[in-house]
Amino acid sequence: FVDILASFDDECVISREVQKYSTGSQLMERANDTINRPMPYILNSQERVVGTDITFQDVTQRQVPSVIDQAPSVAFKLNALELRDALQKNSLGQSAKKRIASDINTKVRDLISLSGSLVVPITGAMGGYLDVALAEALMIEQGIIGEKKLGLNTRDYTLMADNLAARTLDNAKSLSAYERSQLGLVAGFDALKMDSGKRIAAAQAGGSITVATNGAQVQYVPTASADNRYQSITFSSTTSMVPGDAFTIAGIEAVHHINKESTGLLKTFRVVSVTSGTVAVISPAIVGANQGSPTDSELAYKNVEVASTSATAAVVWLNANASNANVFWNYDSVELLPGKYAVPSDEGAKIMQGTTEQGIELVMTQSFNTRKFETEFTLDAYYGLVNLNPEMNGIIIGGQ
């Protein structure tokens, strides 16, 4: 168990690169393993005129319900004959560790792949610096700063390493890419190699879908009592839409999150769920602040500029072809919440518990079935994941 605990973080390529938030076991039990976590604040500014009162804005604290609900478990057994080879127990324990770590990595990857609203579609196959630089540009032009991470699926990572190995600007970096297929920092991102990327299917909803762009649709008002990451909007049809579909809306432009200036580029959105034949939940919510008297929260969290005044606008699907997604994220935007089991240690079974460097607690049990002469082993983890702000993470998809 000590060996499993010590080497666990080495397997967690993606999950160790997201923010961690520790919770109290008693508190979480009483709260049904749910806690509200704050989203980043954005404030308005004003020009001060000496001798004139300034206006104090109402601050809206946006919160996200975070749930500890992931409970991967590996169970195996060995009989009294198989246990004669002690290496079997050790090998199976290491295999159980790898599976639990893989489960956690996959959950983090899928969370960003399906809910991150920043989308960079690449026309051809991935493999060049520009592909990653476009993701960096998308974040910076929308005011998303801070530590940035990039998870590339194995084939795209290899193509990127090949591209880097051919460059001669920095021989040491090029040599590392050639010898170890190692990227390091690329376009401001700490590049990580994932074993595989989440497969994003081609959008099947068709090319004639429109979305209503009347006032109610683009004037979402953020409040402290709602999950402000999502919004229900009305499409001409939601037939064949699925969670993870990525799209833009004609005339709905992205803005810089802080200064609110339009980037001149269309805002990217994701389908979260389908409610009915015409209504779907999307991310992010469309905060336009276009009516005559916008609230302080609308001004602070405005994320689009509505360039068109038409009642409906065309939807363009960005996942035109099936592709393995590459994920990128601001470190603070995705959070892992380690949970804890209270397992009795004096009721027969042998219990071993320990916490990894990233805060995940592992529990290993061993008990002997006297009727069958078999020893039963389990390895468990308990944690939660939350995308605190889908506007600060997303995907790069090639072949579009």
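Every residue gets a number counted from 1 within its own chain, in the order that chain's sequence is written. Per-residue local features are limited, in this predicted model, to residues with pLDDT of at least 70; the limit for side-chain atom pairs, both in listing and counting, is 80 or more; totals at the level of whole chains, interfaces and linings are taken over all residues. The basis for every side-chain value is the complete set of non-hydrogen atoms in the structure, without hydrogens or water.

1. Looking at the sheet that holds strand 4 (residues 73-79)
Two strands pair if DSSP finds at least two bridges between them. Secondary structure elements are defined from DSSP: runs of H or I of at least 4 residues count as helices, runs of E of at least 2 residues count as strands, and each element is numbered from the N terminus. Here 4 strands make up an open sheet; going across it, the order is 4-22-21-20 and the pairing antiparallel. The sheet terminates laterally at strand 4 and strand 20 (350-355), the two strands that pair on one side only. The average undirected angle you get between the axes of adjacent strands in this sheet is 15°. Where strand 20 lies against strand 21 (residues 361-369), 6 bridges are found, and the strand directions are antiparallel. By the bridge assignment, lysine 350 is partnered in strand 21 with glutamine 366. Between N-to-C directions, angles span 0 to 180 degrees; the directions come from axes that are lines fitted to C-alpha atoms, helices contributing only their stretch in contact.

2. Let's talk about the packing of aromatic side chains
In summary, the pairing rule links any two rings of Phe, Tyr or Trp, Trp by its six-membered ring, whose centres are within 6.5 Å, and it sorts them by plane angle into stacked for under 30 degrees, edge-to-face for over 60 and tilted for everything else. As enumerated under the stated definition, the model contains 7 aromatic pairs in all. With 5.6 Å between their ring centres and 25° between their planes, phenylalanine 247 and phenylalanine 269 make a pair best called stacked. Highlighted residues: phenylalanine 247 in strand 12 (residues 246-255) and phenylalanine 269 in strand 13 (residues 262-274), separated in sequence by 22 residues. Take phenylalanine 247 and phenylalanine 269: they sit in the same class, and that class is buried. Members of the aromatic cluster, each reached through a chain of ring pairs, are Phe235, Phe247, Phe269 and Trp317. The buried label applies to any residue whose accessible area, calculated with a 1.4 Å probe on protein chains only, is under 20% of its type's maximum; exposed applies above 50%, and partly exposed to all values in between.

3. Quick notes on the side chain of arginine 37
Along the chain, the position of arginine 37 falls in strand 2 (residues 34-38). With a relative accessible area of 13%, arginine 37 lands in the buried category. Here glutamate 335 takes part through its side chain, which lies 2.7 Å from a polar atom of the side chain of arginine 37. Every residue in contact with arginine 37, bar those within four places of it in the chain, is listed here: Tyr21, Arg62, Gln63, Val64, Ser66, Glu335 and Leu388. Two N or O atoms count as a polar contact when they lie within 3.5 Å, although within protein this holds only if one can serve as hydrogen donor and the other as acceptor, and sequence-adjacent residues are included solely when both atoms are side-chain atoms. Two residues qualify as a contact provided that any one of their heavy atoms is within 4.5 Å of a heavy atom in the partner residue.

4. Details of the nonpolar core
Among buried residues, those of type Ala, Val, Leu, Ile, Met, Phe, Trp, Tyr and Cys that are joined through side-chain atoms within 4.5 Å constitute a nonpolar core. With 36 residues, the main nonpolar core has Phe8, Ile100, Trp329, Ile360 and Leu362 as its most contacted residues. With 6 residues, the single largest contributor to this core is helix 3 (residues 86-115). Here isoleucine 100 is in contact with Phe8, Pro72, Ser73, Val74, Leu362, Leu379 and Ala381, once residues within four sequence places are set aside.

5. So, a nonpolar patch on the surface
Exposure above 30% relative accessible area and the absence of a salt bridge qualify a residue for a patch, where like charges join within 9 Å and nonpolar side chains (Val, Leu, Ile, Met, Phe, Trp, Tyr) within 5 Å. Areas reported here follow the Shrake-Rupley algorithm with a probe of radius 1.4 Å; residue values treat only the protein chains shown as occluding. Salt bridges are defined as contacts in which a side-chain nitrogen from Lys or Arg sits within 4 Å of a carboxyl oxygen from Asp or Glu. Together, Tyr41, Leu43 and Val59 make up a nonpolar patch on the protein surface, roughly 310 Å² of accessible area in all. Examined against the element boundaries, leucine 43 turns out to sit in the loop between strand 2 and strand 3 (63-70).

6. Describing the sheet that holds strand 3
With mixed pairing, 5 strands are arranged side by side in an open sheet as 1-19-23-3-2. Only two strands of the sheet have a single neighbouring strand rather than two, namely strand 1 (19-20) and strand 2. Taken strand by strand, helix 3 contacts strand 3, strand 19 (334-338) and strand 23 (383-387), and its axis lies near 20° from that of strand 23.

7. Here's the deal with helix 4 (residues 129-141)
Helical periodicity: at 3.6 residues per turn, an α-helix aligns residues three or four positions apart in one direction. How far a helix is expected to stretch is found by multiplying one less than its residue total by 1.5 Å. Compared with the 18 Å implied by 1.5 Å per residue over 13 residues, the 18 Å span of helix 4 between its first and last C-alpha is a close match. Along helix 4, the residues classified as buried are Asp131, Val132, Ala133, Ala135, Glu136, Leu138 and Met139. Among the residues trailing helix 4, glycine 143 stands out with phi positive, at a value near 80°.

8. Topic: the environment of serine 333
Within the secondary structure, serine 333 sits in the loop between strand 18 (326-330) and strand 19. The exposure class assigned to serine 333 is buried, which follows from its relative accessible area of 1%. The spacing of serine 333 and lysine 148 is 185 residues in sequence and 10.0 Å in space, taken between C-alpha atoms. In this structure serine 333 touches Val386, Asn387, Leu388, Asn389, Met392 and Asn393, once residues within four positions along its chain are discounted.

9. Some thoughts on the pairing of strand 2
In strand 2, alternate side chains face the same way, and those of Ile35 and Arg37 are buried while those of Thr34, Asn36 and Pro38 on the opposite face are not. Alignment of strand 2 against strand 3, held across 5 bridges, turns out to be antiparallel. Bridge assignment links threonine 34 to a residue of strand 3, and that residue is valine 67.

10. Section: the pattern of salt bridges
For the structure on display, the rule yields 11 salt bridges. When the shortest N-O distance is used, the salt bridge between lysine 149 and glutamate 147 registers 2.9 Å. The class for lysine 149 is buried, based on a relative accessible area of 3%. Classification of glutamate 147 by relative accessible area gives partly exposed; the value is 44%. One network of salt bridges, in which partners are shared, links Glu17, Glu147, Lys149 and Asp190.

11. Topic: the environment of alanine 101
Locating alanine 101 in the fold gives a position in helix 3. Considering only alpha carbons, one finds alanine 101 and phenylalanine 8, 93 residues apart in sequence, at a separation of 6.9 Å. Those residues in contact with alanine 101 that sit more than four places away from it in its chain are Phe8, Glu11 and Cys12.

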